[in-house]
Amino acid sequence: MSAALTGRLSIFNDKGSRVFLSALALVIVVAGLGNLLVPSDSVFHVSTLTITLLGKYLCFALLALSVDVIWGYCGILSLGHGAFFALGGYAMGMYLMRQIGDRGVYGDPVLPDFMVFLNWDSLPWFWHGFDQFWFAMVMVMLIPGLLAFVFGWLAFRSRVTGVYLSIMTQALTYALLLAFFRNEMGFGGNNGLTDFKDIVGFSLQADSTRVTLFIISAFVLALAYLVSKYIVTSKYGRIMVSIRDAENRTRFLGYKTEKYKVWLFVYSAVLAGIAGALYVPQVGIINPGEFAPLNSIEVVVWVAVGGRGTLYGAIAGAILVNFAKTRFTGIFPEAWLFALGGLFVVVTIFLPKGIVGLLSKRKSVLDAQSTEKAEAA
Amino acid sequence: MKTVEQAKEILHKEQVWSFMQSESAVDINVDKDIILYIEGLTVSFDGFKALNDLNLYVRDGELRCVIGANGAGKTTFMDVITGKTPCDSGSAYFGQTINLLDKTEAEVAQLGIGRKFQKPSVFEALTVYENIELALKTNKSVLATLFYKITPKQHERIKDVIHIIGLEPQTHLLSGALSHGQKQWLEIGMLLVADPRVLLVDEPVAGMTAQETERTAELLTSLAGDRTVIVVEHDMEFVRSIAKDVTVLHQGSVLAEGTMEEIQNNAQVKEVYLGEDMVSEGGAA
């Protein structure tokens, strides 16, 4: 009995986790070595473009993971997680802008190009400190976390749940979209932040930097996966499931459910912020478009397609859908949104547990048979 | 007018003034042998008075049955004292010192008032064991649960409770797979493991078979004494089998209080609630 209990809590005992972590390790080794060691005329060479694309997928996977933690386990459907992702991205972008120094078009040693263009003569107060890498990294987590805390505290304390909460999160990301579009905000208006040169002294154009960023993304994803797995298998995780299924009942057991929800929401937002910060140096731009409500809805589709409430399902979904998107938009760009919508409908109707649910269906049938036998014996 | 009422409250004969209580006094004071003081509770929803000047005193360790027709205010009464529904006026004290009306659901639960709902509500995506584990009386703060490790003692306690409710073969089965009666029992188990001072049980035998009903009656009677049990029930047969004292609610206030026999012979009760067939049945018993 106690062996079974500790077995459940052990992270590596879970088959899905093992498969996911080994696949991730394999991709790092093959892609990393394939780019740096294999000569570029070989068929086994992995182009830098592919590395960047893979790195981008991993950032999206981390974003999907953050949504699955709150939606799959706690039933909080956030349609505004793109906002936390974009805020993390902006914090990273501000650091990268400050790193340009006097290499910008206007050659101002302190002011980024867009500020010179707007005739500003000094750096706004909130841009100070972003020339330090550590400061920017703290902000990557602090800003999304703080916003999530304030938003979550107000919403969950007033017991806003379900559809109403989802609509509020949409409004949140839309409001930020409009705000960041304004030049007066001091974040580069609709052009956003771009033209980055280097990160902690390494050129962003170099292959080795690209591969390193990709490997860091993979490690962060693995770490976030393990921490999230720990949380959802802890007692906290079981309370989250209780809140998802019967919040009132959980309150009557003596748990202050709003506190549990707020802290989980903050954790999830921090993960999304980190994903955004890893995304920006790899794609080389961050603009208000990342706040678009559609982006946040797309994340939910990834999670639904992969299968919610499993963590690795969300990651698989994010990678698969984005791979399909890359392919599809290459062939027939206008139809992508229709395909995405169609995919969501198909998954909701035919695969309520996503792709992962399809795979584990057979396994649970076998499990049920073996328990029946055990009970009979 | 308001000051007069405030003055009245302050000078009430059983009032323990807050400045006379030490800050840390969270002990339940039952010196007067009464655990729940419900006085003048009034709750209205859109003008409809669900509770109308309800007064009720529950002795420590007794088993009290609350009966009443639909809409008599039985469930609302439970909602108010467990912090779910705010009330318009009145007071509810747990022991002599603890005001229940300014507490949230979670705080009331942590004070030791457990509640079982009318509809069995267990966490269907968790196993029987996990359901009981969540109800355990432990530190329920966020950090404590994040790094929570079950102790052997707690493990034994959970197994004991599962034994009492007779769900040992289903220990690691998802509770969603249990039958209706088993879910009711699991919920009672969740109440037991929390070790509450007061148990509020809303229609525990609804939908149970005769045999299950009998076992439930035995369990509830055995619990009274150490704990105070308040049962809301429709099933008169069941009430008669467990109750010593019965309170009849009608239109949000107490209509009558006494032993089952007294209640059955109360003319007013007969008229509004028990009805003609009840009288003949009571005569037969």
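Residues numbered from 1 in each chain as written. Chains lettered and ligands numbered in written order. Predicted model: local features only at pLDDT ≥ 70, side-chain atom pairs only at ≥ 80, totals over all residues. Heavy atoms only, no water.

Peer 1: Go over the overall build of chain A, please, and point to the residues and values.
Peer 2: Within chain A, the secondary structure is distributed over 14 helices and four strands. Taken over the C-alpha trace, chain A has a radius of gyration of 22 Å; the compact-globule value for 377 residues is 21 Å, and the two agree within 12%. Each principal axis of the C-alpha distribution contributes one length, and for chain A these read about 80 × 60 × 45 Å. Sorting the 377 residues of chain A into buried and exposed places 50% on the buried side. Counting only contacts in chain A whose residues sit at least 6 apart along the sequence, the fraction spanning at least 24 positions is 76%. Positive and negative charge centroids in chain A, built from 28 and 21 side chains respectively, lie 14 Å apart. (Helix = DSSP H or I, 4+ residues; strand = E, 2+ residues; numbered from the N terminus. Rg over C-alpha atoms; globule rule 2.2 N^0.38 Å. Buried < 20%, exposed > 50% of the residue type's maximum accessible area, 1.4 Å probe, protein only. Contact = heavy atoms within 4.5 Å. Lys, Arg positive; Asp, Glu negative; His and termini not counted. Charge placed at Lys NZ, Arg CZ, Asp CG, Glu CD.)

Peer 1: So what's going on with the pairing of strand β6 (residues 113-116) of chain B? Which residues, and what values?
Peer 2: All names here are of chain B. Side-chain alternation along β6 places Ile113 and Arg115 on one buried face and Gly114 and Lys116 on a second face that is also buried. In this sheet, strand β7 (residues 198-202) lies alongside β6 in parallel orientation, the contact comprising four bridges. By the bridge assignment, Gly114 is partnered in β7 with Leu199. (Pairing = 2+ DSSP bridges.)

Peer 1: For the sheet that holds strand β5 (residues 98-99) of chain B, give the residues involved together with the corresponding values.
Peer 2: Residue and element names in this part refer to chain B. What the four strands build is an open sheet, ordered β2-β1-β4-β5; its pairing is antiparallel. A single partner strand is all that each edge strand has here, and the edge strands are β2 (48-59) and β5. Relative to the sheet, helix α2 (residues 74-81) contacts β1 (34-45), β2 and β4 (89-94), its axis offset from that of β1 by approximately 110 degrees. (Axes fitted to C-alpha atoms, helices over the stretch in contact; angles between N-to-C directions.)

Peer 1: Tell me what's going on with helix α10 (residues 257-283) of chain A, and back it up with residues and numbers.
Peer 2: When the terminal C-alpha atoms of α10 of chain A are compared, their 39 Å separation across 27 residues agrees well with the 39 Å that a helix rising 1.5 Å per residue should span. Just downstream of α10 of chain A, Gly284 of chain A is the residue with a positive phi angle, here 80 degrees. (Expected span 1.5 Å × (residues − 1).)

Peer 1: Would you mind going over the sheet that holds strand β10 (residues 253-259) of chain B in detail, with residue names and values included?
Peer 2: The strands making up a sheet associate through backbone hydrogen bonding, with each pair oriented either parallel or antiparallel. All names here are of chain B. In space, the six strands of this open sheet follow the order β6-β7-β8-β3-β9-β10, with mixed pairing throughout. The strands lining the two open edges of the sheet, one partner per strand, are β6 and β10. Each adjacent strand pair in this sheet contributes to an overall mean axis angle of 20 degrees, direction not counted. In the packing of helix α8 (residues 210-223) onto the sheet, the strands contacted are β3 (63-67), β7 and β8 (228-232), and the crossing angle to β8 comes to about 145 degrees.

Peer 1: Account for unusual backbone geometry, naming residues and giving values.
Peer 2: Phi angles above zero are rare outside glycine, and Asp195 of chain A is one such case at about 70 degrees. Turning to its location among the elements, Asp195 of chain A is positioned in the loop between β1 (193-194) and β2 (198-199). We classify Asp195 of chain A as partly exposed; its relative accessible area is 42%. Phi angles above zero are rare outside glycine, and Glu203 of chain B is one such case at about 45 degrees. Residue placement: Glu203 of chain B occurs in the loop between β7 and α8. Given a relative accessible area of 8%, Glu203 of chain B falls into the buried group.

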